[in-house]
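Architecture at a glance
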Amino acid sequence: MDSTHSRASKHLMDWLRDAHAMEEQAETMLNSMLSRVEHYPELHQRIQQHIEETRTQQSLVRQCIERRGGDTSLLKDLGGKVMATFQGFSGMFASDEVVKGCMFSFAFESLEIAAYSQIKEAADYLGDVETAAVCQQILEQERAMAHWLEVHSPELVRVFLARADEGHPQAKR
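This structure is a prediction, so every number in the text was calculated from the model and none was measured.

Focus on the side chain of Glu109
By the secondary structure assignment, Glu109 is in helix α4 (residues 97–126). There is no salt bridge for the buried Glu109, and the closest opposite charge comes from Arg46, which lies 7.5 Å off by N-O distance. Not counting residues within four places of it along the chain, the set of residues in contact with Glu109 comprises His50, Glu142, Met145, Ala146 and Leu149.

Encoded structure:
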């Protein structure tokens, strides 16, 4: 392998480790949100589904890392989980927690879409067909979740506002 591909390969490994940490962060964030949206059953169900997808994504990314001769970064994984935990705690105190949670989730899905698009490009560049295929699979799931949030957010906001206007104790969650 020439030095150009060696550097490119190192970047791909770093980005895969970042993606693994991002999925760890996503799982923590989604689990936190899931426990607080019980009065929004459609959202609750979709988050539950995406948690399962996220766990599968973690495994697929870990397999890509290991196939390329690396291992996951404990420090990055831990950092992502800590950030997600604090984000979850901060949402607990917001009067519009469910709306802010969806907004943050939509932004996070967009980050994941950008990350996997770039990782896929790097894998294509290096001829790593398996990693590129994994990224494509994950991209489809992340785009589907982002689309779901985009389509369902208007109704969620309306339901939240109607409940809040009525002084409904379940508006927040």
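Details of α4
Helix length check: α4 (30 residues) gives 43 Å between terminal C-alpha atoms against 44 Å at 1.5 Å per residue, within 8%. Positive backbone phi, approximately 75 degrees, marks Gly127, located one or two places after α4.

Brief notes about the packing of α4 against helix α5 (residues 129–165)
Across the interface, α4 lies against α5 with an axial gap of 8 Å and an inter-helix angle of 160 degrees. Looking at the two axes, α4 sits roughly antiparallel to α5. As α4 runs across α5, the sense of the crossing is left-handed. Grouping the constituent residues of the contact of α4 with α5 by class yields 18 nonpolar, 5 polar and 7 charged.

Conventions used here
- Residues numbered from 1 in each chain as written.
- Predicted model: local features only at pLDDT ≥ 70, side-chain atom pairs only at ≥ 80, totals over all residues.
- Heavy atoms only, no water.
- Helix = DSSP H or I, 4+ residues; strand = E, 2+ residues; numbered from the N terminus.
- Buried < 20%, exposed > 50% of the residue type's maximum accessible area, 1.4 Å probe, protein only.
- Lys, Arg positive; Asp, Glu negative; His and termini not counted.
- Salt bridge = Lys/Arg side-chain N within 4 Å of Asp/Glu carboxyl O.
- Contact = heavy atoms within 4.5 Å.
- Expected span 1.5 Å × (residues − 1).
- Axes fitted to C-alpha atoms, helices over the stretch in contact; angles between N-to-C directions.
- Parallel < 35°, antiparallel > 145°, perpendicular 65-115°, else oblique.
- Left-handed = near helix turned anticlockwise from the far one by under 90°.
- Nonpolar A, V, L, I, M, F, W, Y, C, P; charged D, E, K, R; others polar.

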